[in-house]
Amino acid sequence: MSEILAYVHKDGFFHRLHPVTKIIFIIGISAVCIISTNLVFLLGLVLALLAIAYLSDLYTEVVSQSRLIVMMSLVFIVITLLTIPGGDLIGYLIPAGVPLIGNSIPLTWGALGIGLILSLRFMILIYAFQLFLISTQPRDLVHTMERMRIPIDYTLMFIIALRFIPTLQIEGKRIHEAQLARGYNPGTGIMGKIRSVAPIVIPLVSNALSRANVLGLTIDIRGYRTGKRTRLREFPVRGRDYLVSSLVIVFGCFYGAAVFFQLL
Amino acid sequence: MIELERISYTYPHTVKTALNHLSFSLKKGQCIMVTGPSGAGKTTLCLAAAGILHHEYGGKKEGRITIEGKDVASYGSLSEIARKIGIVFDDAEAQMIFTTVEEEILSALEHRGLDAGVIEERLESVMAMTHITELKDRSPHKLSGGQKQRVALAATLALGNEVLILDEPTSELDEHSTRRIAEILRDLKRQGRTILLIEHKFAHFRDIVDTIIVMEEGKISASGNPPDVLGDDRIRKIVVPDFSGIGKRSGTPELAHEEARLPAVTVTNLSYSYGDIPALSQINLTIHSGEFVAIVGENGSGKTTLVKQFNNLLTPTEGDVVILGKNTKQYSITDLSRDVGLVFQNPDHMFFADTVRDEVAFGLKNIGMPDDENIIDSALLDAGLAHSKDLYPRWLSRGERQRLAIACVVAMRPEILVLDEPTTGLDGNEALQVIAILRDLQRKGHTIIIITHNREIADHCADRIVRMENGKIIEILSAEVS
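Residues numbered from 1 in each chain as written. Chains lettered and ligands numbered in written order. Predicted model: local features only at pLDDT ≥ 70, side-chain atom pairs only at ≥ 80, totals over all residues.

Now for the overall build of chain B. Helices and strands together make up the secondary structure of chain B, namely 18 helices and 20 strands. In terms of overall dimensions, chain B is globule-like: its C-alpha atoms have a radius of gyration of 24 Å, near the 23 Å expected for 482 residues. Taking the principal axes of the C-alpha coordinates as reference, chain B spans close to 75 × 50 × 40 Å. Taking all 482 residues of chain B together, 49% fall into the buried category. Contacts spanning at least 24 positions in sequence make up 69% of the contacts within chain B whose residues lie at least 6 apart. (Helix = DSSP H or I, 4+ residues; strand = E, 2+ residues; numbered from the N terminus. Rg over C-alpha atoms; globule rule 2.2 N^0.38 Å. Buried ≥ 20, exposed ≤ 12 C-beta atoms within 10 Å, placed from the backbone. Contact = placed C-beta atoms within 7 Å.)

On to the overall build of chain A, then. Helix and strand content of chain A: 10 helices and 2 strands. What you see in chain A, going N to C, is helices and strands ordered as α-α-α-α-β-β-α-α-α-α-α-α. Its C-alpha atoms give chain A a radius of gyration of 23 Å, clearly above 18 Å, the size a compact globule of 264 residues would have. Taken over the C-alpha atoms alone, chain A extends approximately 75 × 60 × 30 Å along its principal axes. Within chain A, residue pairs in contact and separated by at least 24 positions form 75% of the contacts whose partners lie at least 6 positions apart.

All names here are of chain A. Split by domain assignment, chain A resolves into domain 1 (1-136 + 236-264) and domain 2 (149-233). Taking the mean C-alpha position of each, domain 1 and domain 2 sit 28 Å from one another. In this assembly, 5 residues from domain 1 lie in contact with 4 residues from domain 2. For the side of domain 1 that touches domain 2, the per-class residue count stands at 4 nonpolar, no polar and 1 charged. (Domains from an automatic or database assignment. Nonpolar A, V, L, I, M, F, W, Y, C, P; charged D, E, K, R; others polar.)

Each partner contributes residues to the interface: chain A has 43 residues there, and chain B has 51 residues. Elements supplying a minimum of two residues to the side of chain A that touches chain B: helix H6 (138-147), helix H7 (152-180) and helix H9 (197-221) of chain A.

Let us now look at unusual backbone geometry. Residue and element names in this part refer to chain B. The phi torsion at His-21 lies on the positive side, around 45°, for a residue other than glycine. Assignment of secondary structure puts His-21 in strand S2 (residues 19-26). The phi dihedral of Asn-470 is positive, around 45°, even though this residue is not glycine. Mapped onto the fold, Asn-470 is located in the loop between strand S19 (464-469) and strand S20 (472-478). When the 14 C-beta atoms within 10 Å are taken as the criterion, Asn-470 is described as partly exposed.

This part covers the sheet that holds strand S3 (residues 31-35) of chain B. Residue and element names in this part refer to chain B. One open sheet accounts for 6 strands, arranged S6-S7-S8-S3-S9-S10; its pairing is mixed. Pairing within the sheet leaves two strands with one partner each, and these edge strands are strand S6 (85-88) and strand S10 (219-224). Taken over all neighbouring pairs, the strand axes of this sheet differ in orientation by 15° on average, direction set aside. Where strand S7 (residues 163-167) lies against strand S8 (residues 194-198), 5 bridges are found, and the strand directions are parallel. Across the sheet, Ile-165 pairs through a bridge with Leu-196, a residue of S8. In the packing of helix H6 (residues 145-157) onto the sheet, the strands contacted are S6 and S7, and the crossing angle to S6 comes to about 170°. (Pairing = 2+ DSSP bridges. Axes fitted to C-alpha atoms, helices over the stretch in contact; angles between N-to-C directions.)

Attention now moves to the sheet that holds strand S1 (residues 2-10) of chain B. All names here are of chain B. Taking strand neighbours across the sheet as the criterion, the 4 strands line up as S2-S1-S4-S5 in an open arrangement whose pairing is antiparallel. Looking along the sheet, the strands with just one partner apiece sit at the ends: S2 and strand S5 (70-71). Here 7 bridges tie S1 to strand S4 (residues 60-67), and the two strands are oriented antiparallel to one another. When the sheet's bridge partners are listed, Tyr-9 is paired in S4 with Lys-61. Sitting on the sheet, helix H1 (residues 42-49) is in contact with S1, S2 and S4, with an inclination near 125° to S1.

In a pair of packed helices, the angle between the axes and the distance between the axes together describe the arrangement. Residue and element names in this part refer to chain A. At a closest axis distance of 9 Å, the pairing of helix H2 (residues 39-55) and helix H5 (residues 109-134) adopts a crossing angle of 20°. Viewed along their axes, H2 and H5 adopt a mutual orientation that is roughly parallel. Handedness of the crossing formed by H2 with H5: left-handed. Mapping the contact onto sequence places Leu-39, Leu-42, Leu-43, Leu-45, Val-46, Leu-49, Ile-52 and Ala-53 in H2 and Gly-113, Leu-116, Ile-117, Leu-120, Arg-121, Met-123, Ile-124, Tyr-127, Ala-128 and Leu-131 in H5. The residue inventory of the contact of H2 with H5, partitioned by class, reads 16 nonpolar, 1 polar and 1 charged. (Parallel < 35°, antiparallel > 145°, perpendicular 65-115°, else oblique. Left-handed = near helix turned anticlockwise from the far one by under 90°.)

Another point: the confidence of the model for chain B. Detailed conclusions should not be drawn from predicted coordinates in areas where pLDDT is low. Residue and element names in this part refer to chain B. Model confidence for chain B is summarised by a mean pLDDT of 88, while 96% of its residues fall at 70 or above. Low pLDDT (under 50) marks residues 251-258, which in the prediction has 6 contacts with non-local residues, meaning those over four places away or in another chain. Across the interfaces of the predicted complex, the ipTM metric reaches 0.83, alongside a pTM of 0.82. (pLDDT = per-residue confidence, 0-100.)

Within the element layout of this structure, Ala-178 of chain A appears in helix H7. With residues near it in sequence (within four places) discarded, Ala-178 of chain A still touches Phe-344, His-349 and Met-350 of chain B.

For H9 of chain A, which comprises 25 residues, the first-to-last C-alpha distance of 35 Å matches the rise-based estimate of 36 Å (1.5 Å per residue) to within 8%. Ala-212 of chain A marks where H9 of chain A bends most, by close to 30°. Buried positions along H9 of chain A lie against H7 of chain A together with helix H2 (52-56), helix H3 (78-81) and S6 of chain B. (Expected span 1.5 Å × (residues − 1). Bend = angle between axes of the 7 residues up to and from the residue.)

All names here are of chain B. Residue alternation in strand S16 (residues 340-343) divides its side chains into two sets, Val-340 and Leu-342 and Gly-341 and Val-343, and both sets are buried. In this sheet, strand S17 (residues 416-420) lies alongside S16 in parallel orientation, the contact comprising 4 bridges. Across the sheet, Gly-341 pairs through a bridge with Leu-417, a residue of S17.

This brings us to the nonpolar core. Residues and elements named next belong to chain B. Counting 79 residues, the largest nonpolar core has Ala-50, Ile-105, Ala-154, Ala-158, Ile-165 and Leu-197 as the members making the most contacts within it. Per element, the largest residue contribution to this core is 6 residues, and it comes from H6. In this structure Ala-154 touches Ile-105, Val-126, Met-127, Thr-130 and Ile-132, once residues within four positions along its chain are discounted. Residues Leu-270, Phe-344, Ala-361 and Leu-385 belong to the second largest nonpolar core, which totals 76 residues. (Core = buried A, V, L, I, M, F, W, Y, C linked by C-beta atoms within 7 Å.)

What follows deals with the pairing of S19 of chain B. When strand S13 (residues 292-296) of chain B meets S19 of chain B, the two strands line up parallel, connected through 4 bridges. Each bridged residue has a counterpart across the sheet, and for Val-296 of chain B the counterpart in S19 of chain B is Arg-467 of chain B.

What follows deals with the packing of helix H4 (residues 101-110) of chain B against H6 of chain B. Residues and elements named next belong to chain B. Contact geometry for H4 and H6: axes closest at 8 Å, N-to-C directions at 25°. With respect to H6, the element H4 is oriented roughly parallel. Seen along the crossing, H4 lies across H6 with a hand that is right-handed. Facing H4, whose interface residues are Val-101, Glu-104, Ile-105 and Ala-108, H6 presents Val-151, Ala-154 and Ala-155. Looking at the contact of H4 with H6 residue by residue, the classes come out as 6 nonpolar, no polar and 1 charged.

Set out below in structure tokens:
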């Protein structure tokens, strides 16, 4: 089973970058994709991220969640089409032939464009964060956040939230199987998902909460919150980090300036 | 090292005292094993001895606890006490914070104010001692229960404390993993560490335990060196549960009658793979109606994968599974759940209703059976839970929750009952109770199939024992009928 956002132990290019470089990369990519409204450019960014994933030996992991991303994108497009009319008319959702309500709910090219832009931005953000999280060991992330002077409690909260995603995923599957074995058949589709909420989410949340006590004690006992730490095996900053960071910053600034002065 | 003097404790918002005037002292280099039924206060005792009760819990406390001669209340924080005492909890998963084994242990070491060289050295030695060096790049949550518990132990040992408190470290583990933990503790004892061990499995730790303390209802009912304590018959039954009394069904079933009926389960040339990883290969097995079969084998031998084929949670990659004449490939899980009731290892994976009654009724509704009080009552009666009908399922004890899981499935009246590790995590008496219920259900005509690590249960209760290894059945033993 593919695990969402769990660290993958590999030694690709992205793994070898310093966490700070990766954070600069994410901020750069996010900023550029938010200011851009150019469909071709955004599509280019998606492909570029997939290419980076491929070159960093992380392609399979990054595309493993694509089904969910495509589903969400479709939802975005449908919602914008129905709610934000603008630009040339494509047609009406309810054809003219239908009595009384015919020719209502217009669908426009403008809305389709906005929907596509939102979807592509969503894809870029998810892929970029995924690349970052699956290639960075939580320990390095803790060190980096500590250097960025983020309070240790917030860092731990962030790390634990990430760490529990795969655990909840596996536990959710077990609970699902246990309920299926009791003859439970929530059905498929959205209604099935809604019906399956109580028998699956309640045990999942209750079990997670009962685990929180031991987790909290473990954190205290191991002294994570004392903030005093022997520095060892810290991630070195190398030439490639300066190179990647500079590239991202220069590219971001140029693109920002170009958009600002309406050159693009 | 640790001294408890007339300790009493009541948890916040409760009236029942969890610890009642309890005194004992743990001396340097000593190993004390605390045992007793669930709910006796053993975990609370652990929390008290580790100073956790005083620093993290509210509630009513009386008496005095000293750690290395200093009153527990005079320590500034739990982190300060944690420099003297290491504690390992029973839930290994909850003690894993990072994503590789090495990272988990290294992160614990980094916060001890040690030099980098010392840390590297200790990291290596602790991993070697707990036999996890080869797992260092693996993700903790993908390890087996035994491996996880060894990682949790290593992360605690890395802190280098003189005193080690372990709260049921082997409760969820199989024979082999329990033996490995016992070996590690033996080495630690030899090195002069002081150990407070909460355990049910005395036999595995017999040679390291200096003093045994038996707790019942928050009090110490016996303590002393093991031979003296076990001399008392009543106490011995608490410490070492005896499954021989359960006995097998009396007399062989009428053969003619048995042959006339369909076999409950017929597995023919079954193979199954998870993606590219083969999990079962060429399994052939027939289980007759009314039989009590135990499936045994180490973790990862394919036991759970096999029983999941019985109700189509997994569909054979090759071969067939026929349940009471129905080929599982042609039926849905819901259809098969009328014939096969599957109870998983952790009962907490199924409870979501507000009352025990509703929890049982859920299964009935799923298969379209009437939500009949008589059916629910009789299932609860079979499971010894007749008086708990209106309680919230998660408030029940671990043993009661296991029995409720069985009741939920029994109410659906399946002919075949499959239970994955029904006694894991239970104390001796609770395990005996569960087994007695299963024997009773067999007498009523159910076919019982259990997966178990407990060789004694398999030997004493099952008509046949199926031994699995690496996805194959390596032997089927017919037990003698007593």
